[in-house]
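The lines below spell out each chain.
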Amino acid sequence: MAEPISQVVASMPRARFVALMALFLGPAVAVYTLFSIYPLIATMGLSTYTSDSAGGFHFAGLANFVTLLTDSFWSKPFWNAAKNNLIFFCVHMAVQNPIGIALAGLLSLPGLKLKGLYRTIIFLPTMLSVVIVGFAWNLILSPLWGVAEGALKAVGLGSLFAPWLGLPSTALVTLALISVWQFVGIPLMLIYAALLNIPDELVDAARVDGLGHFRIFLHIKLPLVLPTIGLISILTFVGNFNAFDLIYSVKGALAGPNFASDILGTFFYRTFFGNQLQLGNPTMGAAVATVMFFIILAGVCLYLFLVQRRLRRYAF
Amino acid sequence: MVKQRFQIFGVHAILIAYCALALGPILLVVMNSFKTRNAIFGAPLAPPTATTFSLIGYMKVFNASHIGTYFMNSLIVTVVSMVLVLLFGAMAAWALTEYKFRGSTALALFLSIGIMVPIRLGSVAILTMMREADLNDTLTALILVYIAQGLPLSIFILSEFIQQIPRDLRDAARCDGVPETRIFFEVIAPLLRPAIATVAVFTIVPIWNDLWFPLILTSSDSTHTITLGVQQFLGQYITDWNSVLAALSMAILPVVAIYVVFSRQLISGLTAGAVK
């Protein structure tokens, strides 16, 4: 099909077309390449060097990675952080996404009143800074203030209270749940948007067949939004394996108690920037960042090749 | 009919309960920031009354920190980044969707890497670069990084949006012999206004709330952003509950105010962006 656009553009002198593209694409490509792609590549490059006490860099091949994965001074905290990060992710997948999907299902019920207000309120915590949310929950869960304890006592569960953020056994899961509380709005919104896109005829047909709201949701709507569920899973994965702010602001760089809440983000920060216990090490930090990059890359590839392929996209 | 009523009541009960869970902690912090120390601990759930009302926490925050500077820094960084992300992003999105040339698909793919790969992982090299360019501890460094961070997703969102603009509009202008640059700036750019809300949710909020890059790239009080400033203030004054609650409230309230004013636009932008 002949389009006027191709004629006008095709009849343009080549030099002018190139200049036009440079004008439109130049700034974005330049800033993005210089401050996003180049640093990523340079960081990976740096991870193959070691630094000596004089500040000089020496090429060392994969020595940093061998050290990171096998020398117990490095490998113990690394595997601890990786394991904690996996738990952090699993809590999000098991709690945040089901709650988000369920709330989206309720909000998308036809004829529900006040849905705009509900949506606005439930999404509010997502807009706040992680630092603020972390501190606010730190205060609420603090035994000093006793708000959480009082709330549990009011419903007769006072004996269940413990300083969850302070105990090695519960700190990580508590932090994960705080993060869930904040970010439940994201799966909610994405699933809600996907549910709205389901053609009415499909739902009406099921209604005529006598299916209730719950079964319509479970058997008709949910399978149709599977691609979106795949999307929120990968977004959660990338977000979690890159998380840092919450742990840092609630527990500090040392991710206490006794590294019980240490995840890859805080481990990377400590390695790179240093802390009370060790000096910052840029080359080792670059190695940690490179490992994190490959973990995230593996997740994204798994999503693209496995999940995306299997889930047939519903054509509207 | 009775069963249906009962169901609807149940749905509202669940949603109201969840809203209480979402709003409760925020209300609790804001409410207690206006109370005296004794009242904060004595009756945390009670709203401030004439006898328990106190602004001591706010006064302390103003006196003990550079909160005004932090706020201005955040505002400058966020607004400048937002304007440039929108401008560069819209220009690139337009070029990639409107003109197909050899390598345009590859370029679009290259630009989308940043949607999934967090720029944070390049921090080691970013810090080195900024030090070498003498940009360490400046707002410029933050702005450059945030533009690079915000571009991929905004180009993606704006491309989706540009594709929905009817072809006739640009073609009519072309038939009149309007140059390509003017078609973009005078015909297309004004039509992108509704997409700004979507881009804002995905790029501006993370910039305002970011802790990582201010922590890595700024070291003096004069360049701290509000998120880092409040974080450090909270760390120092953790035992002074009045100040901590006041500082938290001061960080929460502007965001909540803006969110309430724009929530309809933000949410419709979010759902619109998510559909495609």
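What counts and what doesn't
- Residues numbered from 1 in each chain as written.
- Chains lettered and ligands numbered in written order.
- Predicted model: local features only at pLDDT ≥ 70, side-chain atom pairs only at ≥ 80, totals over all residues.
- Core = buried A, V, L, I, M, F, W, Y, C linked by C-beta atoms within 7 Å.
- Buried ≥ 20, exposed ≤ 12 C-beta atoms within 10 Å, placed from the backbone.
- Helix = DSSP H or I, 4+ residues; strand = E, 2+ residues; numbered from the N terminus.
- Contact = placed C-beta atoms within 7 Å.
- Expected span 1.5 Å × (residues − 1).
- Bend = angle between axes of the 7 residues up to and from the residue.
- Axes fitted to C-alpha atoms, helices over the stretch in contact; angles between N-to-C directions.
- Parallel < 35°, antiparallel > 145°, perpendicular 65-115°, else oblique.
- Left-handed = near helix turned anticlockwise from the far one by under 90°.
- Nonpolar A, V, L, I, M, F, W, Y, C, P; charged D, E, K, R; others polar.
- Domains from an automatic or database assignment.

Caption draft 1: Main features of the nonpolar core. In terms of nonpolar packing, the biggest core is built from 162 residues, with A:Ala28, A:Met292, B:Ala92, B:Val145, B:Ala247 and B:Leu248 touching the most fellow members. When residues of this core are assigned to their parent elements, the largest contribution, 17 residues, is made by helix α7 (residues 139-163) of chain B. Each residue touching A:Ala28, except ones within four places of it in the same chain, is listed here: B:Phe88, B:Gly89, B:Met91, B:Ala92, B:Leu151 and B:Ile155.

Caption draft 2: Molecular detail of helix α2 (residues 14-46) of chain A. Residues and elements named next belong to chain A. Taking 1.5 Å per residue as the helical rise, α2 with its 33 residues ought to reach 48 Å, whereas the 40 Å between its terminal C-alpha atoms falls clearly short. The axis of α2 is deflected most strongly, by about 50°, at Leu 25, and proline Pro 27 appears within four residues downstream. When we look at burial in α2, the residues that qualify are Phe 24, Leu 25, Ala 28, Val 29, Val 31, Tyr 32, Phe 35, Ser 36, Pro 39, Leu 40, Thr 43 and Leu 46.

Caption draft 3: Summary view of unusual backbone geometry. Residues and elements named next belong to chain B. Despite not being glycine, Asp 134 shows a phi value in the positive range, around 65°. Position of Asp 134 relative to the elements: it lies in the loop between α6 (123-132) and α7. A positive phi angle, close to 65°, is found at Asp 137, a residue other than glycine.

Caption draft 4: How the structure looks around the packing of helix α5 (residues 104-116) of chain B against α7(B). Residues and elements named next belong to chain B. Between α5 and α7, whose axes approach to 7 Å, the crossing angle comes to 115°. Taken together, the axes of α5 and α7 are roughly perpendicular relative to one another. Classified by chirality, the crossing of α7 by α5 is left-handed. Contact residues: α5 offers Leu 111, Ser 112, Ile 113, Gly 114 and Ile 115, while α7 offers Leu 151, Pro 152, Leu 153, Ile 155 and Phe 156. Its residues placed into classes, the contact of α5 with α7 shows eight nonpolar, two polar and no charged.

Caption draft 5: Broad picture of the environment of A:Val238. By the secondary structure assignment, A:Val238 is in helix α12 (residues 226-240). Of the residues examined, A:Val238 has 20 C-beta atoms within 10 Å and is grouped as buried. When the C-alpha positions of A:Val238 and A:Phe267 are compared, they lie 16 Å apart, and in sequence the two are 29 residues distant. Not counting residues within four places of it along the chain, the set of residues in contact with A:Val238 comprises A:Ile296, A:Gly299, B:Met116 and B:Pro118.

Caption draft 6: Broad picture of the domain arrangement of chain B. Taken domain by domain, chain B holds domain 1 (2-57) and domain 2 (65-236). Taking only C-alpha atoms, the centre of domain 1 of chain B and the centre of domain 2 of chain B are 37 Å apart.

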